[in-house]
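Each chain is listed here by its residues.
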Amino acid sequence: MSHTVEKIGGTSMSRVNELMDTLFLGPKDPYGRIFVVSAFGGITNLLLEHKKTGEPGVYALFANNDSEHGWHDGLDRVAQAMKEAHAAVLDHRADVRVADEFVHDRVHGVRNCLIDLQRLCSYSHFQLSEHLAQTRELLSGLGETHSAFVTSLLLQRAGVDARFVDLSGWRDEGDLSLHDRITTAFQDIDPSAELPIVTGYAQCAEGLMSRYDRGYSEVTFSRIAALTGAREAIIHKEFHLSSADPKIVGEDAVRKLGRTNFDVADQLSNMGMEAIHPKAAKTLRQSGVPLRVTNAFDPQDPGTLIDDQPADQPAVEMVTGLDIIALEVFEQDMVGVKGYDAAILDVLTRHKVRIVSKVSNANTITHYLDSSLKVMRRVENDISALYPAAMISSRTLSLASVIGRDLNGLSVLTRGLTAIASAGLEALGATQGPRNVDVQFILERDDLQPTIKALHDALIDTSVGLQKAA
């Protein structure tokens, strides 16, 4: 257990050349590490669909087939974006030429595969819908194989014995499990003598995309750390894990966490602000591998350590929030009758709506959801069909959350409500569980950011040793 497994995100990957002297070559010994890389920034959006806007990428264009040549044009855009990305980080023309050839080979192979699939599905015996999951998997791996290959070239040019480790299953025979895919790839690798650069996507029988969607690279990263017996897993981001968004509370006000645990990491995931995917966190926690989150561009700072240890003393560690939709189901005859909650949960599950929090009383159940009004209209219709006499409504709101490993004795609920009122704002609701790891405040949408600032100013205690973020 002498090596680390380290992951670089897409935004940082687009500046990977800036990390050469610090992250890769800065240590006296560049070895003893395994790097798992994401695709260059924006590439996965072009391959699948834009994560925030939903603008269709190659996958969406191929699946919908709105235009005969729509997905072909999308694939051309991917190839061009890949070439621009590696041209921006590679210094030698020979390396750029090799990377161009790699892109041509992979994109050409994917294009031929999709053409053959379309031709096959032109026969009524074969339905395209039955192959879309595999198509999404195929396209997903393209971005990570490109970035891993380019990073290997960059390191080899600098004199490092870097090895490109392709877990994407490109032209492989057979369908390995994720466990077998990783163990087979690493069976002859010695991290003490070479620097593996590994694709964040791993093709496997389970289907990473179908299970984890865009969180697949962190799942791969955590499984590699567990299976290779890493002493530590490290995620390099382009910012420190801090007490709040500095754009909201101010650069001078935020504090780097420095130390927290997987319980807090889970709360952050629930708020759509992942330090790490919850399934990846589970793998590390169960394997006894601590996680460190660092700022890739501040290599001298040790970052924030996340493990399974409790806090030394109670403290608020972070204030964050997200926009939600409140789904309220009121039925006068609900009191004393079982089944309402289970039926509503079934509808939400069927429409793949994520539940952030919920409250209930004698005749009302309210779910706070991470969804869109468009989806909620379908949810309301299904619940109305089950309970015609119920009054069902959806309302756009926001939820601010105060999080810490141990909030006991801090009166966070009372102090939080006072801070919100003192700022001239109003909390529409507030909840605190007996475990005392988070307190949630329900607000109007426009009040979220000023509420986060008010809560941060009132509750973040700078005397408990939290370090100022760089």
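Refer to the structure presented above.
What counts and what doesn't
Along every chain, residues carry numbers that run from 1 in the direction the sequence is written. Local features in a predicted model are, by the rule used here, given only for residues with pLDDT of at least 70; side-chain atom pairs are given and counted only at 80 or more, and totals for whole chains, interfaces and linings are based on all residues. Side-chain calculation: all heavy atoms of the structure are included, whereas hydrogens and water are not. Put simply, DSSP H or I for four residues or longer makes a helix, DSSP E for two residues or longer makes a strand, and each gets a number counted from the N terminus. Computation of the radius of gyration draws on C-alpha atoms, with the globule rule given as 2.2 Å multiplied by the number of residues to the power 0.38. To sort residues, take the accessible area from a 1.4 Å probe on protein chains only and compare it with the maximum for the residue type: under 20% means buried, over 50% means exposed, and anything in between is partly exposed. Only strands that DSSP links by at least two bridges are regarded as paired with each other. A pair of sulfur atoms, both from cysteines and within 2.5 Å, is called a disulfide here. Note on definitions: angles span 0 to 180 degrees between N-to-C directions of axes, and those axes are lines fitted to C-alpha atoms, for helices only across the stretch in contact. The contact definition used throughout considers only heavy atoms, calling two residues in contact when any of these lie within 4.5 Å. Stacked, edge-to-face and tilted labels apply to pairs of Phe, Tyr and Trp rings (six-membered ring for Trp) whose centres lie within 6.5 Å, assigned for plane angles under 30 degrees, over 60, and everything in between, in that order. Placement of a charge over a ring requires the Lys NZ or Arg CZ to be within 6 Å of the ring centre, with the centre-to-atom vector within 35 degrees of the ring normal. Computed over the protein atoms alone on a 1 Å grid, cavities are sets of points where a 1.4 Å probe fits but cannot get out and pockets are open sets with protein on both sides within 12 Å along at least five of seven lines; a residue lines them when it has an atom within 4 Å of a point. Grid points are joined across faces, edges and corners, and a volume is the space filled by probe spheres set on the points. Each residue is assigned to one of three groups, with Ala, Val, Leu, Ile, Met, Phe, Trp, Tyr, Cys and Pro labelled nonpolar, Asp, Glu, Lys and Arg labelled charged, and all others, Gly among them, labelled polar. A helix is expected to reach a length of 1.5 Å times the quantity of its residues less one.

Asker: Which residues make up the overall build of the protein, and what are the values?
Answerer: Across its full length, the protein carries 17 helices and 16 strands. A globule of 470 residues ought to have a C-alpha radius of gyration of about 23 Å, and the protein, at 24 Å, matches this closely. C-alpha extents for the protein along the principal axes are approximately 70 × 65 × 35 Å. Of all 470 residues assigned to the protein, the portion counted as buried reaches 53%.

Asker: Describe the pairing of strand 15 (residues 438–443), with residues and values.
Answerer: In terms of burial, strand 15 is a largely internal element, six of the six residues being buried. Of the two faces of strand 15, the one holding Asp 438, Gln 440 and Ile 442 and the one holding Val 439, Phe 441 and Leu 443 are both buried throughout. Relative to strand 15, strand 13 (residues 391–403) is paired through six bridges, and the arrangement is antiparallel. Paired with Ser 398 across the two strands is Leu 443, which belongs to strand 15. In the sheet, strand 14 (residues 429–432) pairs with strand 15 via four bridges, with the strands oriented antiparallel. The residue bridging Ala 430 from the neighbouring strand is Phe 441, located in strand 15.

Asker: Any chance you could break down the state of the cysteines for me, citing the residues and the numbers?
Answerer: By the definition in use, this model includes zero disulfides. Left unpaired, Cys 204 is separated from the closest cysteine sulfur, that of Cys 113, by 17 Å. Residue Cys 204 is classed as buried on the basis of its relative accessible area, which comes to 4%.

Asker: Any details on the sheet that holds strand 11 (residues 354–360)? Residues and values, ideally.
Answerer: As summarised here, the arrangement of the six strands in space is 11-12-10-13-15-14, forming an open sheet in which the pairing is antiparallel. Since the sheet does not close on itself, it has two edges, and those belong to strand 11 and strand 14, each with one partner. Averaged over neighbouring strand pairs, the angle between their axes works out to 30° when direction is ignored. The pairing of strand 10 (residues 318–330) with strand 12 (residues 364–370) spans six bridges and is classified as antiparallel. The residue of strand 12 that forms the bridge with Phe 330 is Thr 364. Lying on the sheet, helix 12 (residues 262–270) is in contact with strand 10, strand 11, strand 13 and strand 15; it crosses strand 11 at an angle near 95°. In this fold helix 16 (residues 412–422) packs onto strand 13, strand 14 and strand 15, with an angle of close to 30° to the strand it touches most, strand 15.

Asker: Please provide a residue-by-residue account of the sheet that holds strand 3 (residues 162–165), values included.
Answerer: Reading across from one edge, 3-4-2-1-5-8-9-7 is the order of the eight strands in this open sheet, with mixed pairing throughout. At either end of the open sheet lies a strand with only one pairing partner, and these are strand 3 and strand 7 (259–261). Between one strand axis and the next, the sheet turns by 25° as a mean value, whatever way the strands run. Both strand 7 and strand 9 (residues 304–307) contribute to a ladder of three bridges, which runs parallel.

Asker: I'd like a description of the packing of aromatic side chains, backed by residues and values.
Answerer: Scanning the entire structure with this criterion turns up seven aromatic pairs. Judged by centre distance (5.4 Å) and plane angle (85°), the ring pair of Phe 62 and Trp 71 falls under edge-to-face. Per residue, the accessibility class of Phe 62 equals that of Trp 71, and both read buried. With a centroid separation of 6.0 Å and an interplanar angle of 85°, the aromatic rings of Phe 102 and Phe 164 are classed as edge-to-face. Of this pair, Phe 102 sits in helix 6 (residues 93–120) while Phe 164 is found in strand 3, placing the two residues 62 residues apart along the sequence. Assessed through its relative accessible area of 23%, Phe 164 is described here as partly exposed. Taken together, the ring pairs connect Phe 102, Phe 149 and Phe 164 into an aromatic cluster. When the ring centre of Phe 297 is taken as reference, the NZ or CZ atom of Arg 15 above it lies at 3.7 Å.

Asker: Any chance you could break down the layout of surface pockets for me, citing the residues and the numbers?
Answerer: Considering only enclosed or pocket space, the second largest pocket measures out at about 680 Å³ in volume. Taken together, 28 residues form the lining of the second largest pocket, with Cys 113, Gln 134, Glu 137, Leu 138 and Gln 203 sitting closest to its centre. Here the element with the most residues in the lining of the second largest pocket is helix 7 (residues 132–157); it accounts for seven residues. Tallied by class, the residues present in the lining of the second largest pocket amount to 10 nonpolar, 11 polar and seven charged.

Asker: Could you give me a rundown of helix 5 (residues 70–89), with the residues and numbers involved?
Answerer: Counted at 1.5 Å a residue, the expected span for helix 5 with its 20 residues is 28 Å, and the 29 Å between its end C-alpha atoms agrees. Within helix 5 the residues assigned to the buried category are Gly 70, Trp 71, His 72, Gly 74, Leu 75, Val 78, Ala 79, Ala 81, Met 82, Ala 85, His 86 and Val 89. For helix 5, the elements touching its buried residues are helix 3 (43–47), helix 4 (58–64), helix 6 and helix 7.

Asker: Please set out the pairing of strand 5 (residues 232–237) residue by residue, giving values where relevant.
Answerer: For strand 5, the tally of buried residues reaches six of six residues, placing the bulk of the element in the interior. What you see with strand 5 is no split at all: Glu 232, Ile 234 and His 236 on one side and Ala 233, Ile 235 and Lys 237 on the other are buried throughout. Relative to strand 5, strand 1 (residues 4–8) runs parallel, the two being bridged by five bridges. Its bridge partner lying in strand 5, Ile 8 is registered against His 236. Across five bridges, the pairing between strand 5 and strand 8 (residues 291–295) is parallel. Across the sheet, His 236 pairs through a bridge with Thr 294, a residue of strand 8.

Any link to function would need more than the numbers given here.
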